[in-house]
Amino acid sequence: MNDRNYRNEEERPGARVPRRGLLYMEKRFWLLIAAVICISALLSWMVYMLLMPGDVAAGSSKNPEHLVVQSPDAAGNGNASGNSALTGDGSVSGNQNGGGNAGAAGSAQMGPREHLDSSKCPTDWNLRLVNPWNSMSENPDIELTQLSNGHSVDQRCYPDLQEMMDDCRAEGLSPTICSSYRTWETQQSLFDANVNKLVAQGYSKEDAQAETAKAIAVPGTSEHQLGLALDIVDVNNQNLNETQEDTPVQKWLMKNSWKYGFILRYPNDKSDITGIIYEPWHYRYVGKDIAKEIYDADICLEEYLERLCAKG
Ligand SMILES: [Zn+2]
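Basis of the calculations
- Residues numbered from 1 in each chain as written.
- Predicted model: local features only at pLDDT ≥ 70, side-chain atom pairs only at ≥ 80, totals over all residues.
- Helix = DSSP H or I, 4+ residues; strand = E, 2+ residues; numbered from the N terminus.
- Buried ≥ 20, exposed ≤ 12 C-beta atoms within 10 Å, placed from the backbone.
- Contact = placed C-beta atoms within 7 Å.
- Axes fitted to C-alpha atoms, helices over the stretch in contact; angles between N-to-C directions.
- Parallel < 35°, antiparallel > 145°, perpendicular 65-115°, else oblique.
- Left-handed = near helix turned anticlockwise from the far one by under 90°.
- Nonpolar A, V, L, I, M, F, W, Y, C, P; charged D, E, K, R; others polar.
- Pairing = 2+ DSSP bridges.
- pLDDT = per-residue confidence, 0-100.

Topic: the overall build of the chain
The helix and strand tally for the chain stands at eight helices and six strands. Written out in order from the N terminus, the α and β elements of the chain read α-β-β-α-β-α-α-β-α-β-α-β-α-α. Across the 312 residues that make up the chain, the buried fraction comes to 38%. Taking as baseline every contact in the chain between residues at least 6 positions apart, the subset at least 24 positions apart corresponds to 69%.

So, the environment of Tyr285
Following the sequence through the fold, Tyr285 ends up in strand E6 (residues 282-285). Tyr285 sits in the buried class, given 28 other C-beta atoms within 10 Å. As a C-alpha pair, Tyr285 and Ala229 span 56 residues in sequence and 6.5 Å in three-dimensional space. When near neighbours in sequence (up to four residues on either side) are disregarded, Tyr285 contacts Asn126, Cys157, Asp160, Leu228, Gly261 and Phe262.

Things to note about the packing of helix H3 (residues 184-200) against helix H4 (residues 205-213)
As a packed pair, H3 and H4 sit with axes 8 Å apart at the nearest point and diverge in direction by 130°. Classed by the angle they form, the pair H3 and H4 counts as oblique. The handedness of the crossing between H3 and H4 comes out as right-handed. Each of Phe191, Asn194, Val195, Leu198 and Val199 in H3 lies in contact with H4, whose residues at this interface are Lys205, Ala208, Gln209, Glu211 and Thr212. Here the residues of the contact of H3 with H4 are counted per class, giving five nonpolar, three polar and two charged.

Thoughts on unusual backbone geometry
In the Ramachandran plot, Asp298 falls in the positive-phi region, its phi being about 55° despite a non-glycine side chain. Considering the arrangement of structural elements, one finds Asp298 in the loop between helix H7 (288-297) and helix H8 (301-311). Asp298 sits in the exposed class, given 10 other C-beta atoms within 10 Å.

What about the pairing of E6?
Consecutive side chains of a regular strand alternate in pointing toward one face of the sheet and then the other. Every second residue of E6 is oriented toward a common face, with His282 and Arg284 on one face and Tyr283 and Tyr285 on the other, all of them buried. Pairing analysis gives three bridges linking strand E5 (residues 262-264) to E6, with the strands arranged antiparallel. Residue pairing across strands places Ile263 opposite Arg284, the latter belonging to E6.

Quick look at the confidence of the model for the chain
Mean pLDDT over the chain works out to 74, with 67% of the residues at or above the 70 mark. Note that residues 1-15 has pLDDT below 50 and, in this model, seven contacts with residues that lie over four places away or in other chains. Below pLDDT 50 for its whole length, residues 47-112 participates in 153 contacts with residues either more than four positions away or in separate chains.

Below, the structure written as C-alpha coordinates:
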(Lines give C-alpha, C1' and ligand atoms only; values in the text may rest on other atoms or scores of the structure.)
Protein backbone atom coordinates (compact mmCIF):
# COMPACT_ATOMS: atom_id res chain seq x y z
CA MET A 1 0.00 0.00 0.00
CA ASN A 2 2.16 2.78 1.25
CA ASP A 3 4.82 1.19 -0.65
CA ARG A 4 3.56 2.53 -3.87
CA ASN A 5 4.41 6.09 -2.74
CA TYR A 6 7.92 5.12 -2.93
CA ARG A 7 9.44 5.05 -6.29
CA ASN A 8 11.58 2.13 -5.64
CA GLU A 9 12.86 -0.18 -3.06
CA GLU A 10 15.76 1.98 -2.13
CA GLU A 11 13.67 4.97 -1.09
CA ARG A 12 11.57 3.01 1.25
CA PRO A 13 12.40 3.85 4.93
CA GLY A 14 14.43 1.19 6.54
CA ALA A 15 15.24 -0.40 3.26
CA ARG A 16 18.80 -1.52 2.74
CA VAL A 17 20.52 0.71 0.28
CA PRO A 18 23.78 -1.02 -0.19
CA ARG A 19 24.55 0.03 -3.77
CA ARG A 20 23.68 3.68 -3.39
CA GLY A 21 25.41 3.95 0.02
CA LEU A 22 28.47 2.34 -1.39
CA LEU A 23 28.41 4.77 -4.26
CA TYR A 24 28.31 7.71 -1.88
CA MET A 25 31.16 6.23 0.14
CA GLU A 26 33.17 5.78 -3.00
CA LYS A 27 32.63 9.35 -4.09
CA ARG A 28 33.57 10.73 -0.73
CA PHE A 29 36.54 8.45 -0.60
CA TRP A 30 37.79 9.51 -4.01
CA LEU A 31 37.13 13.17 -3.28
CA LEU A 32 39.19 12.81 -0.13
CA ILE A 33 42.02 11.14 -2.05
CA ALA A 34 41.93 13.86 -4.71
CA ALA A 35 42.01 16.56 -2.05
CA VAL A 36 44.97 14.90 -0.33
CA ILE A 37 46.82 14.65 -3.65
CA CYS A 38 46.14 18.28 -4.50
CA ILE A 39 47.25 19.52 -1.09
CA SER A 40 50.36 17.33 -1.21
CA ALA A 41 51.25 18.61 -4.66
CA LEU A 42 50.76 22.18 -3.54
CA LEU A 43 52.86 21.70 -0.43
CA SER A 44 55.59 19.94 -2.43
CA TRP A 45 55.66 22.75 -4.93
CA MET A 46 55.89 25.34 -2.17
CA VAL A 47 58.74 23.48 -0.45
CA TYR A 48 60.49 23.04 -3.78
CA MET A 49 60.22 26.73 -4.61
CA LEU A 50 61.47 27.72 -1.20
CA LEU A 51 64.47 25.40 -1.15
CA MET A 52 65.58 25.08 -4.75
CA PRO A 53 67.60 28.31 -5.17
CA GLY A 54 69.63 27.56 -2.04
CA ASP A 55 70.39 24.03 -3.17
CA VAL A 56 71.66 25.16 -6.53
CA ALA A 57 73.95 27.71 -4.99
CA ALA A 58 75.25 25.25 -2.47
CA GLY A 59 75.84 22.68 -5.17
CA SER A 60 77.98 24.96 -7.24
CA SER A 61 80.02 26.19 -4.34
CA LYS A 62 80.81 22.63 -3.38
CA ASN A 63 82.32 21.98 -6.74
CA PRO A 64 85.60 23.83 -7.17
CA GLU A 65 85.49 23.40 -10.90
CA HIS A 66 82.50 25.68 -11.08
CA LEU A 67 84.64 28.39 -9.61
CA VAL A 68 87.58 27.98 -11.87
CA VAL A 69 88.56 31.24 -13.44
CA GLN A 70 89.36 30.02 -16.88
CA SER A 71 90.41 26.85 -18.56
CA PRO A 72 94.04 26.77 -19.63
CA ASP A 73 93.47 26.33 -23.32
CA ALA A 74 90.91 29.08 -23.41
CA ALA A 75 93.37 31.39 -21.76
CA GLY A 76 95.30 31.76 -24.95
CA ASN A 77 98.49 33.64 -24.24
CA GLY A 78 98.05 33.45 -20.58
CA ASN A 79 95.36 36.04 -20.18
CA ALA A 80 92.36 35.24 -18.18
CA SER A 81 89.58 37.06 -16.58
CA GLY A 82 87.02 35.98 -14.14
CA ASN A 83 86.01 35.89 -10.56
CA SER A 84 88.23 36.60 -7.65
CA ALA A 85 90.45 33.61 -7.15
CA LEU A 86 93.81 32.69 -5.91
CA THR A 87 96.82 32.31 -8.10
CA GLY A 88 96.98 29.30 -10.31
CA ASP A 89 99.78 27.38 -11.83
CA GLY A 90 100.01 29.85 -14.65
CA SER A 91 101.65 27.40 -16.94
CA VAL A 92 102.30 28.92 -20.29
CA SER A 93 104.07 26.32 -22.26
CA GLY A 94 106.64 26.74 -24.92
CA ASN A 95 107.72 30.24 -24.07
CA GLN A 96 111.15 29.15 -22.98
CA ASN A 97 111.87 26.99 -25.93
CA GLY A 98 109.68 28.47 -28.56
CA GLY A 99 106.42 27.21 -29.89
CA GLY A 100 104.21 24.85 -28.03
CA ASN A 101 100.81 25.40 -26.59
CA ALA A 102 100.07 28.50 -24.72
CA GLY A 103 97.87 28.22 -21.75
CA ALA A 104 97.46 29.83 -18.42
CA ALA A 105 96.09 27.65 -15.74
CA GLY A 106 93.23 29.07 -13.83
CA SER A 107 92.70 28.61 -10.19
CA ALA A 108 90.08 27.67 -7.76
CA GLN A 109 88.52 29.81 -5.14
CA MET A 110 89.34 28.60 -1.71
CA GLY A 111 87.09 27.68 1.11
CA PRO A 112 87.80 28.12 4.77
CA ARG A 113 90.42 25.39 4.67
CA GLU A 114 93.64 26.14 6.47
CA HIS A 115 96.56 25.73 4.14
CA LEU A 116 99.77 24.01 4.95
CA ASP A 117 102.73 26.14 5.86
CA SER A 118 105.64 24.33 4.26
CA SER A 119 108.16 26.02 6.55
CA LYS A 120 107.08 23.45 9.15
CA CYS A 121 107.81 20.54 6.82
CA PRO A 122 110.94 18.68 5.75
CA THR A 123 113.09 20.54 3.27
CA ASP A 124 114.05 17.55 1.11
CA TRP A 125 114.52 18.69 -2.47
CA ASN A 126 111.89 16.28 -3.80
CA LEU A 127 109.28 17.42 -1.28
CA ARG A 128 109.53 21.15 -1.80
CA LEU A 129 106.07 22.62 -1.75
CA VAL A 130 105.36 25.45 -4.12
CA ASN A 131 101.78 26.59 -4.36
CA PRO A 132 99.76 29.80 -4.04
CA TRP A 133 100.46 29.87 -0.30
CA ASN A 134 104.06 28.74 -0.34
CA SER A 135 106.53 30.62 -2.48
CA MET A 136 109.98 29.38 -3.30
CA SER A 137 113.24 31.19 -2.68
CA GLU A 138 114.48 33.43 -5.43
CA ASN A 139 117.65 31.47 -6.03
CA PRO A 140 116.84 27.81 -5.61
CA ASP A 141 119.77 25.48 -5.75
CA ILE A 142 118.93 23.58 -8.91
CA GLU A 143 121.21 21.83 -11.34
CA LEU A 144 119.52 21.31 -14.65
CA THR A 145 119.79 18.72 -17.35
CA GLN A 146 118.79 19.83 -20.80
CA LEU A 147 116.71 17.38 -22.79
CA SER A 148 117.14 16.77 -26.48
CA ASN A 149 113.99 18.76 -27.20
CA GLY A 150 115.43 21.82 -25.51
CA HIS A 151 113.51 21.45 -22.27
CA SER A 152 115.29 21.38 -18.95
CA VAL A 153 114.63 19.53 -15.72
CA ASP A 154 116.32 19.08 -12.39
CA GLN A 155 119.06 16.59 -13.12
CA ARG A 156 117.98 14.40 -10.20
CA CYS A 157 114.70 13.49 -11.87
CA TYR A 158 116.08 13.16 -15.37
CA PRO A 159 116.88 9.39 -15.40
CA ASP A 160 113.40 8.47 -14.17
CA LEU A 161 111.79 10.89 -16.59
CA GLN A 162 113.70 9.40 -19.49
CA GLU A 163 112.74 5.90 -18.49
CA MET A 164 109.08 6.88 -18.17
CA MET A 165 109.03 8.50 -21.59
CA ASP A 166 110.83 5.53 -23.13
CA ASP A 167 108.42 3.02 -21.60
CA CYS A 168 105.43 5.07 -22.67
CA ARG A 169 106.71 5.15 -26.24
CA ALA A 170 107.44 1.44 -26.10
CA GLU A 171 103.69 0.99 -25.65
CA GLY A 172 103.21 2.61 -29.02
CA LEU A 173 102.17 5.95 -27.52
CA SER A 174 103.35 9.45 -28.37
CA PRO A 175 103.98 11.60 -25.30
CA THR A 176 105.55 15.00 -25.71
CA ILE A 177 106.76 17.49 -23.13
CA CYS A 178 105.33 20.93 -23.70
CA SER A 179 106.53 22.70 -20.58
CA SER A 180 109.25 22.04 -18.05
CA TYR A 181 111.64 24.14 -16.00
CA ARG A 182 110.90 27.81 -16.05
CA THR A 183 113.24 30.47 -14.73
CA TRP A 184 112.16 33.14 -12.32
CA GLU A 185 112.80 35.64 -15.09
CA THR A 186 110.58 33.77 -17.50
CA GLN A 187 107.78 33.65 -14.99
CA GLN A 188 108.30 37.30 -14.16
CA SER A 189 108.28 38.35 -17.82
CA LEU A 190 105.09 36.39 -18.43
CA PHE A 191 103.50 38.05 -15.47
CA ASP A 192 104.73 41.55 -16.34
CA ALA A 193 103.71 41.26 -19.98
CA ASN A 194 100.17 40.57 -18.95
CA VAL A 195 100.16 43.36 -16.39
CA ASN A 196 101.41 45.82 -19.01
CA LYS A 197 98.77 44.70 -21.44
CA LEU A 198 96.02 45.30 -18.92
CA VAL A 199 97.46 48.68 -17.94
CA ALA A 200 97.36 49.63 -21.63
CA GLN A 201 93.69 48.69 -21.57
CA GLY A 202 93.05 51.15 -18.77
CA TYR A 203 93.56 49.09 -15.61
CA SER A 204 95.42 50.62 -12.68
CA LYS A 205 98.67 48.81 -11.96
CA GLU A 206 97.26 47.25 -8.77
CA ASP A 207 94.16 46.02 -10.54
CA ALA A 208 96.21 44.72 -13.45
CA GLN A 209 98.45 42.76 -11.09
CA ALA A 210 95.49 41.34 -9.23
CA GLU A 211 93.80 40.37 -12.45
CA THR A 212 96.96 38.80 -13.85
CA ALA A 213 97.52 36.81 -10.68
CA LYS A 214 94.26 35.03 -11.31
CA ALA A 215 95.69 33.32 -14.35
CA ILE A 216 99.47 33.50 -14.27
CA ALA A 217 101.32 32.33 -11.22
CA VAL A 218 103.06 35.06 -9.30
CA PRO A 219 106.80 34.45 -9.74
CA GLY A 220 107.94 32.08 -7.04
CA THR A 221 104.64 30.20 -6.85
CA SER A 222 104.85 28.20 -10.06
CA GLU A 223 105.98 24.65 -9.53
CA HIS A 224 107.69 24.75 -12.91
CA GLN A 225 110.35 26.94 -11.34
CA LEU A 226 111.52 23.94 -9.32
CA GLY A 227 112.56 21.96 -12.39
CA LEU A 228 110.55 19.03 -11.04
CA ALA A 229 107.31 19.69 -12.90
CA LEU A 230 106.47 18.77 -16.45
CA ASP A 231 103.49 19.25 -18.67
CA ILE A 232 103.25 16.14 -20.80
CA VAL A 233 100.61 15.77 -23.49
CA ASP A 234 99.66 13.40 -26.25
CA VAL A 235 101.16 14.53 -29.52
CA ASN A 236 97.75 13.97 -31.09
CA ASN A 237 96.04 16.33 -28.68
CA GLN A 238 98.15 19.14 -27.35
CA ASN A 239 95.35 21.16 -25.85
CA LEU A 240 95.87 21.88 -22.20
CA ASN A 241 92.36 21.11 -21.13
CA GLU A 242 90.36 18.25 -19.71
CA THR A 243 90.27 16.40 -23.02
CA GLN A 244 93.80 15.32 -22.14
CA GLU A 245 92.50 12.79 -19.66
CA ASP A 246 90.99 10.77 -22.48
CA THR A 247 94.16 10.51 -24.52
CA PRO A 248 96.04 7.21 -24.52
CA VAL A 249 99.14 8.98 -23.25
CA GLN A 250 97.41 10.44 -20.20
CA LYS A 251 95.67 7.19 -19.43
CA TRP A 252 99.03 5.48 -19.42
CA LEU A 253 100.75 8.21 -17.41
CA MET A 254 98.00 8.38 -14.80
CA LYS A 255 98.26 4.66 -14.34
CA ASN A 256 102.03 4.34 -14.42
CA SER A 257 103.81 7.61 -13.64
CA TRP A 258 104.13 6.79 -9.93
CA LYS A 259 106.37 3.87 -10.83
CA TYR A 260 108.88 6.41 -12.10
CA GLY A 261 108.50 8.82 -9.18
CA PHE A 262 105.99 11.21 -10.74
CA ILE A 263 102.56 12.13 -9.45
CA LEU A 264 99.62 13.72 -11.19
CA ARG A 265 100.01 16.91 -9.22
CA TYR A 266 96.59 18.53 -9.62
CA PRO A 267 93.91 15.84 -9.50
CA ASN A 268 90.32 16.52 -10.33
CA ASP A 269 88.94 16.52 -6.82
CA LYS A 270 91.74 18.29 -4.98
CA SER A 271 91.46 21.85 -6.29
CA ASP A 272 90.43 23.23 -2.93
CA ILE A 273 93.64 21.85 -1.46
CA THR A 274 96.11 22.50 -4.28
CA GLY A 275 94.62 25.83 -5.34
CA ILE A 276 94.98 24.75 -8.94
CA ILE A 277 92.39 23.48 -11.36
CA TYR A 278 92.39 19.91 -12.54
CA GLU A 279 95.39 19.53 -14.81
CA PRO A 280 95.56 16.08 -16.37
CA TRP A 281 98.94 16.88 -17.94
CA HIS A 282 101.01 18.31 -15.10
CA TYR A 283 103.32 15.79 -13.42
CA ARG A 284 105.60 16.42 -10.49
CA TYR A 285 108.58 14.40 -9.43
CA VAL A 286 108.68 13.36 -5.78
CA GLY A 287 110.68 10.13 -6.02
CA LYS A 288 109.48 6.57 -6.40
CA ASP A 289 108.71 5.67 -2.79
CA ILE A 290 106.71 8.80 -2.06
CA ALA A 291 104.96 8.69 -5.42
CA LYS A 292 103.79 5.17 -4.60
CA GLU A 293 102.51 6.28 -1.19
CA ILE A 294 100.66 9.22 -2.70
CA TYR A 295 99.23 7.11 -5.52
CA ASP A 296 98.12 4.30 -3.21
CA ALA A 297 96.49 6.69 -0.75
CA ASP A 298 94.85 8.70 -3.53
CA ILE A 299 95.99 11.98 -2.01
CA CYS A 300 97.77 15.06 -3.32
CA LEU A 301 101.16 16.40 -2.27
CA GLU A 302 99.67 18.86 0.21
CA GLU A 303 97.80 16.05 1.96
CA TYR A 304 100.89 13.89 2.03
CA LEU A 305 102.91 16.70 3.58
CA GLU A 306 100.19 17.46 6.11
CA ARG A 307 100.36 13.87 7.28
CA LEU A 308 104.15 13.92 7.30
CA CYS A 309 104.33 17.18 9.20
CA ALA A 310 101.71 16.03 11.67
CA LYS A 311 103.96 13.09 12.52
CA GLY A 312 106.63 15.64 13.37
ZN1 LIG B 1 102.32 22.60 -15.52
